[in-house]
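The primary structure of each chain is shown beneath.
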Amino acid sequence: MKYIFKVILIIHGIICISCSGSEHLSNKLEPVFFPPAPDEPRIQFLKSFSKSTDFTGAQSAITSFIIGDEEALPILKPYGLAVGKNKIYVCDTQLNGLEIMDTKDGSFGYFLPEGRGRLKQPINCFVDSDGFLYVADAQRRQVIIFNTELDYIGEIGDSSTLLKPTDVFVAEDQIFINDISKHSIHVYDRISRKYIKSIPPASDDNKLFSPTNIAVYKDKIYVSDLGDSKVKVYDLEGKYIRTIGTIGNSPGKFSRPKGIALDEDENLYVVDAGFENVQIFNKDGKLLMYFGGSYKKPGDMWLPAKVVIDYMNLDYFKDDVDPSFNLKYLIFVTNQYGPDKISVYGFISRKNN
């Protein structure tokens, strides 16, 4: 039998624990579907991670005997999350760093850079098409940039240009940064990192009150406005297009909208920290369904903050999908509290008989 022994590495500020089994641990539970029966399932809760061993798997008895019990690294208070090829990055506001999970080698590590790359309050992060990591740090008032080797390569902003960046998104040749204190989205050139403009313009009546999260898809910018309990949509020039949702306590309305994401069909996923669920709207703004709810069992949520759609890491989670269904894409949701810090869901379709 093949065993992989525990290894602790400190490289570029990463403290890493490798998995100790030849395969990752699959949490076999009774399937949790949304919507519940008798409706046809669209989403399945797959598993959750709250510490390193939830991801790497439990140690074998012989490994524990030889090197001792592995000390699990906890996920403390996650907020933002981003995915890259074979990587899951989690901004942890209590750690003042990131957790990084590798779906290729099954490793889990803390990312705690020093020097000019040191993080103070990482809120959200994004991985661009080149694999560069962008971290919105609210306390530093900057977005810090790391290359594919996680070396610090620069930052955007200072105390005069950014007051409180809460999210960052890179699309094509532009970098979009949410500034909740300046009530706007700042746009920068991706190569030069020079400021281009702010959205919406100062003269625009369709202003933002407390923009928390941003997603760019094709020719549209989606912004969750916590201060106005809405999601607002603009074109790439900053012209207002429409609003999705409004304040209220019924499906299709919001209490505290935060993280947002879009799938390839332009369906919009919106985290509501007040309702503790994720609502899904089609490209015309019509409510399709919601999932989650205040925590009582796995699959529920506890002060959720971020939602991310992922088409790249399906292989790692395919064994967690009910065999009657195909997995189309993954949905990650961060929970700031509770036993399930990172919840993983799958958007599914029933197999043909």
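The structure presented is a predicted model; accordingly, all values stated were derived computationally and were not measured. (Residues numbered from 1 in each chain as written. Predicted model: local features only at pLDDT ≥ 70, side-chain atom pairs only at ≥ 80, totals over all residues. Heavy atoms only, no water.)

Participant: Teacher, can you tell me more about the layout of surface pockets here?
Facilitator: Take a probe with the size of a water molecule and roll it over the atoms, and the empty space left behind shows itself. Of the volumes computed, that of the largest pocket is approximately 970 Å³. Of all the elements in the fold, those that place two or more residues in the lining of the largest pocket are strand 5 (78-84), strand 9 (122-127), strand 13 (165-171), strand 14 (174-179), strand 17 (211-217), strand 21 (257-262) and strand 25 (304-310). When residues of the lining of the largest pocket are assigned to their parent elements, the largest contribution, five residues, is made by strand 25. A per-class count over the lining of the largest pocket returns 24 nonpolar, two polar and nine charged. (1 Å grid on protein atoms, 1.4 Å probe; cavity = no way out; pocket = protein on both sides within 12 Å on 5 of 7 lines; lining within 4 Å. Points joined across faces, edges and corners; volume = space filled by probe spheres on them. Helix = DSSP H or I, 4+ residues; strand = E, 2+ residues; numbered from the N terminus. Nonpolar A, V, L, I, M, F, W, Y, C, P; charged D, E, K, R; others polar.)

Participant: I tried to follow the pairing of strand 22 (residues 268-272) on my own but got confused; where do I start?
Facilitator: Here is the key point about a regular strand: its side chains alternate between the two faces of the sheet. Among the five residues of strand 22, five are classified as buried, and the element is accordingly described as predominantly covered. Of the two faces of strand 22, the one holding Leu-268, Val-270 and Asp-272 and the one holding Tyr-269 and Val-271 are both buried throughout. Strand direction decides the pairing type here: strand 21 and strand 22, joined by four bridges, are antiparallel. When the sheet's bridge partners are listed, Ala-261 is paired in strand 22 with Tyr-269. (Buried < 20%, exposed > 50% of the residue type's maximum accessible area, 1.4 Å probe, protein only. Pairing = 2+ DSSP bridges.)

Participant: Got a minute to help me understand the sheet that holds strand 13 in this structure?
Facilitator: Pairing between the strands of a sheet is mediated by backbone hydrogen bonds and can be parallel or antiparallel. What the four strands build is an open sheet, ordered 13-14-15-16; its pairing is antiparallel. At either margin of the open sheet sits one strand with a lone partner, and together these are strand 13 and strand 16 (195-199). The average angle at which neighbouring strand axes cross in this sheet is 20 degrees, direction not considered. Two strands pair when backbone bridges link them, and strand 15 (residues 184-189) and strand 16 are joined in this way by four bridges, in the antiparallel orientation. Each bridged residue has a counterpart across the sheet, and for Val-187 the counterpart in strand 16 is Lys-197. (Axes fitted to C-alpha atoms, helices over the stretch in contact; angles between N-to-C directions.)

Participant: Is there a simple way to think about the sheet that holds strand 11 (residues 142-146) in this case?
Facilitator: Here we have four strands laid out as an open sheet, ordered 9-10-11-12, and antiparallel in their pairing. Of all strands in the sheet, those bounded by a partner on one side alone are strand 9 and strand 12 (152-156). Taken pair by pair, the neighbouring strands of this sheet meet at an average axis angle of 20 degrees, ignoring direction. Taken together, the four bridges between strand 11 and strand 12 define a ladder with antiparallel strand orientation. By the bridge assignment, Ile-145 is partnered in strand 12 with Gly-154.

Participant: Sorry, what's going on with the pairing of strand 7 (residues 97-102) here?
Facilitator: Along strand 7, six of the six residues are buried, which leaves the element largely enclosed by surrounding structure. As defined by bridge partners, strand 6 (residues 87-92) adjoins strand 7 across six bridges and the pair is classed as antiparallel. Along strand 7, the bridge assignment pairs Tyr-89 with Ile-100. The antiparallel pairing of strand 6 with strand 7 creates a hairpin that spans four residues between the two strands, and Asn-96 there sits at a positive phi of about 60 degrees. Pairing analysis gives four bridges linking strand 7 to strand 8 (residues 108-111), with the strands arranged antiparallel. By the bridge assignment, Glu-99 is partnered in strand 8 with Tyr-110. What sits between the antiparallel neighbours strand 7 and strand 8 is a turn of five residues, in which Gly-106 has the positive phi angle 75 degrees.

Participant: Can you help me understand the packing of aromatic side chains in this one?
Facilitator: For any pair of aromatic rings, the description rests on two quantities: the centre-to-centre distance and the angle between the ring planes. Evaluation of the coordinates by the stated rule reveals 20 aromatic pairs. Measuring from centroid to centroid gives 6.0 Å for Tyr-234 and Tyr-240, while their planes differ by 75 degrees, and the two rings are edge-to-face. An angle of 80 degrees between the planes, with centres 6.5 Å apart, marks the rings of Tyr-269 and Tyr-329 as edge-to-face. Taken as a pair, Tyr-269 in strand 22 and Tyr-329 in strand 26 (residues 325-335) lie far apart in primary sequence, 60 residues in all. Comparing Tyr-269 with Tyr-329 shows no difference in burial state: the two are buried. Ring pairs connect the aromatic residues Phe-49, Phe-55, Tyr-316, Phe-317 and Phe-332, which therefore count as one cluster. (Phe/Tyr/Trp six-rings, centres within 6.5 Å; stacked < 30°, edge-to-face > 60°.)

Participant: I tried to follow the environment of Tyr-337 on my own but got confused; where do I start?
Facilitator: By the secondary structure assignment, Tyr-337 is in the loop between strand 26 and strand 27 (342-350). Of the residues examined, Tyr-337 reaches a relative accessible area of 39% and is grouped as partly exposed. Taking the C-alpha atoms as reference points, Tyr-337 and Ser-50, separated by 287 residues in sequence, lie 10.0 Å from one another. Only 3.1 Å separates the side chain of Tyr-337 from the side chain of Lys-77, close enough to count as a polar contact. (Polar contact = N/O pair within 3.5 Å; in protein donor to acceptor, adjacent residues only side chain to side chain.)

Participant: What exactly am I supposed to notice about the state of the cysteines here?
Facilitator: All chains considered together, the criterion is met by zero disulfides. Cysteine Cys-91 is unpaired, with the sulfur of Cys-125 as its nearest cysteine sulfur at 3.6 Å. Accessibility expressed as a relative area gives 2% for Cys-125, which makes it buried. (Disulfide = S-S within 2.5 Å.)

Participant: How should the pattern of salt bridges be read in this particular structure?
Facilitator: Close approach of charged atoms allows side chains of opposite charge to pair. Counted by the stated rule, this structure contains 15 salt bridges. Across the pair Lys-47 and Asp-320 runs a salt bridge, and its minimum N-O distance is 3.5 Å. Here the residue Lys-47 occupies a position in strand 4 (residues 43-49), and Asp-320 occupies one in the loop between helix 3 (314-317) and strand 26, the gap between them amounting to 273 residues. The closest approach of N and O atoms between Glu-237 and Lys-197, which form a salt bridge, is 3.7 Å. Placement of Glu-237 in the loop between strand 19 (230-235) and strand 20 (240-244) and of Lys-197 in strand 16 is noted, with a sequence separation of 40 residues between them. Residue class for Lys-197 comes out buried when judged on its relative accessible area of 18%. (Salt bridge = Lys/Arg side-chain N within 4 Å of Asp/Glu carboxyl O.)

Participant: In this structure, what is going on with the nonpolar core? I would like to understand it.
Facilitator: Generally speaking, soluble globular proteins have nonpolar side chains that are buried together. Formed by 36 residues in total, the largest nonpolar core has its most connected members in Tyr-222 and Leu-268. Val-83, Phe-108, Tyr-316 and Leu-327 belong to the second largest nonpolar core, which has 25 residues in total. (Core = buried A, V, L, I, M, F, W, Y, C linked by side-chain atoms within 4.5 Å.)

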